[in-house]
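Structural overview for review
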Amino acid sequence: MSRVDDLRSREDGLGWVTRAVFGDQRITLAVDAPVPAGHTVVARYAVVPSVDRARFLLPLGSSRATAAALLAYNALRPVKVRAVRAALGVAARAGVVARAPFPVLSVAVPTALDPAEVLLAERLSTELGGGRAYAACGVRPPDPNHKPTLQLFDHAGTPRGYAKIGWNDATRALVTAEAAALREVAEVAGVAGHPATPRLLAETSWAGQAVALVEPLPIGVRGMPVDAPPELAALLAVARRGRPPATPRPLAGSSFLDRLTVQAQRAAETDPAGARAVAAVAELARRHGDVAVEFGHWHGDWVPWNLGRHAGELVAWDWEHSGPDVPVGFDLAHDAFQRSLVLRGEPAATAAEQVRQWLDRYGDRLGLDPARRRLVADAYLIEMWLRTWRLADAGAGWNPALHPALLDVIEKRQ
């Protein structure tokens, strides 16, 4: 196969990734082919295992960087994925990948052009202080809710940073939200009980995309068991940001309820299902308006696969759904809901029941009496449907596991 500058026109994951990472049309992409005269090759990638079944773009030019792209943080991945990456990583370290019959993608720019003007990896290398950066990228089927991620390594294979690329309205909003959350969380670094969090190294706009460059996780980090009990002290530390417990305030008149109301009304303007959300928020206010609850921050996607341990310390990453001024207990509810929905593949109704059970079991340790537990459960489920709507409205499409099933669950609880 010998083709020049055609990958970005593909409809598969490889086309999606190359449009995001090499979108400037002054960049020439050549697969197993010479680049045009007057162009200089600035990076080369092994397309693994093939162009039509691509899963990785592995940087060539440093066997250590190639191996690191496969081996770094492999302990956080599922067992089957871990085994494949480990085998490839060992081969890469020995230089076998560079000599293997994988297609080779050459990235070239006009000789007179500064690569940093058109190549995101070069721009990010500058943000990291200069020096050659080798960029690796996973390839998966296009999804309007997913973000291409560049893993940056130096010549020795040491991780230097991870860049998330927001390429549509939905993912640009997520990348921007995570950058804001990481800046805020950095102010409470070292607070007792608060999980360690990667630092935001840079935030930039690139060719209409939002890009957040995040510090690598600690090399020795290990994932949390999916059946581990909830980290209640850490949840409270995240909610309170190192401050004493906030005085409980009634749901009625809160900025949280105001936000739910506004978003539900906007949903009703864009989708027929939004009218049901408006009714659900009104019922929430009617049933729980007089209940006083503590408000605070939440991680927003507090689940075992976004948590790990390093040197005995809890580490949390992927803060793209984080936000302030929600009822304390939302992260606990989310943990229960997602373990049921995602890990066990259970329907939304079962996941909602799991939320109730966890709040009943652990809620008192978060200061939640029975009335507050019911408020947290009902409000969380509405919050989750509105998140589903926000992503759909921004172009990510509806999550079939949550829409319309979650609205049905909410209405049956009323």
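Named according to an unreviewed UniProt entry, the protein is Phosphotransferase enzyme family protein originating from Micromonospora fiedleri.

**Some details on the overall build of the protein**
Regarding its fold elements, the protein presents 13 helices and 17 strands. A compact globule built from 414 residues should have a C-alpha radius of gyration of about 22 Å, and the protein, at 23 Å, falls within 12% of that. Dimensions of the protein, computed from C-alpha atoms along their principal axes, come out at roughly 75 × 50 × 35 Å. The contacts in the protein between residues at least 6 apart in sequence include a share of 69% that link residues at least 24 apart.

**Here we look at the pattern of salt bridges**
Scanning the model with the defined rule gives 27 salt bridges in all. The closest approach of N and O atoms between Glu283 and Arg286, which form a salt bridge, is 2.5 Å. Within this pair, Glu283 and its partner Arg286 are both found in helix H9 (residues 274-288), separated by three residues, close to a single helical turn. Note on Glu283: relative accessible area 16%, which makes it buried. Arg286 gets classed as exposed once you look at its relative accessible area, which sits at 62%. The shortest N-O distance in the salt bridge between Arg390 and Glu383 comes to 3.6 Å.

**What to know about a nonpolar patch on the surface**
There is a patch of nonpolar side chains on the surface, built from Val226, Trp305, Val342 and Leu343 and spanning about 340 Å² of accessible area. Mapping Val342 onto the fold places it in helix H10 (residues 330-343). When its relative accessible area of 46% is taken as the criterion, Val342 is described as partly exposed.

**Observations concerning the nonpolar core**
Core analysis: the biggest nonpolar cluster contains 71 residues, and Phe337, Tyr380, Trp385 and Leu406 have the highest contact counts within it. Considering each element in turn, this core owes the most residues, eleven residues, to helix H12 (residues 370-396). Formed by 37 residues, the second largest nonpolar core is a distinct cluster that contains Ala54, Leu124, Leu152 and Ala202.

**Details of the packing of H9 against helix H13 (residues 405-413)**
Between H9 and H13, whose axes approach to 10 Å, the crossing angle comes to 30 degrees. Judged by the angle between their axes, H9 and H13 are roughly parallel. Classified by chirality, the crossing of H13 by H9 is left-handed. Counting all contacts with H9, which are made through Arg276, Ala277, Ala280 and Arg287, the residues of H13 involved are Leu407, Asp408, Ile410, Glu411 and Arg413. Split into classes, the residues belonging to the contact of H9 with H13 amount to four nonpolar, no polar and five charged.

**Some details on the sheet that holds strand E15 (residues 307-310)**
If you trace the three strands from one edge of the open sheet to the other, you get E11-E15-E16, paired in antiparallel fashion. Single-partner strands in this sheet number two, and they are strand E11 (222-223) and strand E16 (313-316). Bridge count between E11 and E15: two bridges; the pairing is antiparallel. Across the sheet, Gly223 pairs through a bridge with Gly308, a residue of E15.

**Side note on unusual backbone geometry**
In this chain, Val48 is followed by Pro49 through a cis amide linkage whose omega measures -5 degrees. Counting through the fold element by element, Pro49 comes out in the loop between strand E3 (39-48) and strand E4 (56-59). Residues His403 and Pro404 are joined by a peptide bond in cis, for which omega reads 5 degrees. As for its position among the elements, Pro404 is in the loop between H12 and H13. If you check the backbone angles, Ala311 has positive phi at about 55 degrees while not being a glycine. Here Ala311 lies in the loop between E15 and E16. Positioned with a positive phi, Asp318 is a non-glycine residue whose angle comes to about 60 degrees. With respect to the helices, strands and loops of the structure, Asp318 is situated in the loop between E16 and strand E17 (323-327).

**Focus: the side chain of Gln338**
Checked against the element boundaries, Gln338 lands in helix H10. For Gln338, a relative accessible area of 9% corresponds to the buried category. Contact partners of Gln338, with chain neighbours within four places excluded, come to Val303, Trp305, Leu343, Tyr380 and Met384.

**As for helix H6 (residues 169-186)**
A rise of 1.5 Å per residue sets the reference length of H6, with its 18 residues, at 26 Å; its end C-alpha atoms lie 26 Å apart and thus fit the reference within 8%. In this fold, the buried residues of H6 make contact with strand E8 (159-166), strand E9 (200-206), strand E10 (209-214) and H12.

**Some words on the side chain of Asp271**
Note on placement: Asp271 falls in the loop between helix H8 (255-270) and H9. Summary of buried charges: Asp271 has no salt-bridge partner, and the nearest side chain of opposite charge, Arg276, is 8.3 Å away. Here the side chain of Asp271 touches Ala273 through a polar contact of 2.8 Å, landing on its backbone nitrogen.

**Thoughts on the pairing of E3**
Where E3 lies against strand E5 (residues 104-110), seven bridges are found, and the strand directions are antiparallel. Bridge pairing in E5 links His39 to Pro110. Relative to E4, E3 runs antiparallel, the two sharing four bridges. By the bridge assignment for E4, Val48 is matched with Phe56.

**Quick word on the packing of aromatic side chains**
Taken as a whole and judged by the stated rule, the model has ten aromatic pairs. Ring plane angle 65 degrees and centroid distance 6.0 Å describe the contact between Phe22 and Tyr45, whose orientation is recorded as edge-to-face. Residue Phe22 is found in the loop between helix H1 (13-21) and strand E2 (28-31), and its partner Tyr45 is found in strand E3; the two are separated by 23 residues along the sequence. You'll find Phe22 and Tyr45 in the same group, each marked buried. Chaining the aromatic ring pairs together yields one cluster made of Phe256, Phe295, Trp298, Phe330, Phe337 and Tyr380. Lying over the aromatic face of Tyr134, Arg132 brings its terminal NZ or CZ to 4.4 Å of the ring centre.

Cut-offs applied
- Residues numbered from 1 in each chain as written.
- Predicted model: local features only at pLDDT ≥ 70, side-chain atom pairs only at ≥ 80, totals over all residues.
- Heavy atoms only, no water.
- Helix = DSSP H or I, 4+ residues; strand = E, 2+ residues; numbered from the N terminus.
- Rg over C-alpha atoms; globule rule 2.2 N^0.38 Å.
- Contact = heavy atoms within 4.5 Å.
- Salt bridge = Lys/Arg side-chain N within 4 Å of Asp/Glu carboxyl O.
- Buried < 20%, exposed > 50% of the residue type's maximum accessible area, 1.4 Å probe, protein only.
- Patch = residues over 30% accessible without salt bridge, like charges linked within 9 Å, V, L, I, M, F, W, Y side chains within 5 Å.
- Areas by Shrake-Rupley, 256 points an atom, 1.4 Å probe, with all protein chains shown as cover.
- Core = buried A, V, L, I, M, F, W, Y, C linked by side-chain atoms within 4.5 Å.
- Axes fitted to C-alpha atoms, helices over the stretch in contact; angles between N-to-C directions.
- Parallel < 35°, antiparallel > 145°, perpendicular 65-115°, else oblique.
- Left-handed = near helix turned anticlockwise from the far one by under 90°.
- Nonpolar A, V, L, I, M, F, W, Y, C, P; charged D, E, K, R; others polar.
- Pairing = 2+ DSSP bridges.
- Expected span 1.5 Å × (residues − 1).
- Lys, Arg positive; Asp, Glu negative; His and termini not counted.
- Polar contact = N/O pair within 3.5 Å; in protein donor to acceptor, adjacent residues only side chain to side chain.
- Phe/Tyr/Trp six-rings, centres within 6.5 Å; stacked < 30°, edge-to-face > 60°.
- Lys NZ or Arg CZ within 6 Å of the ring centre and 35° of its normal.

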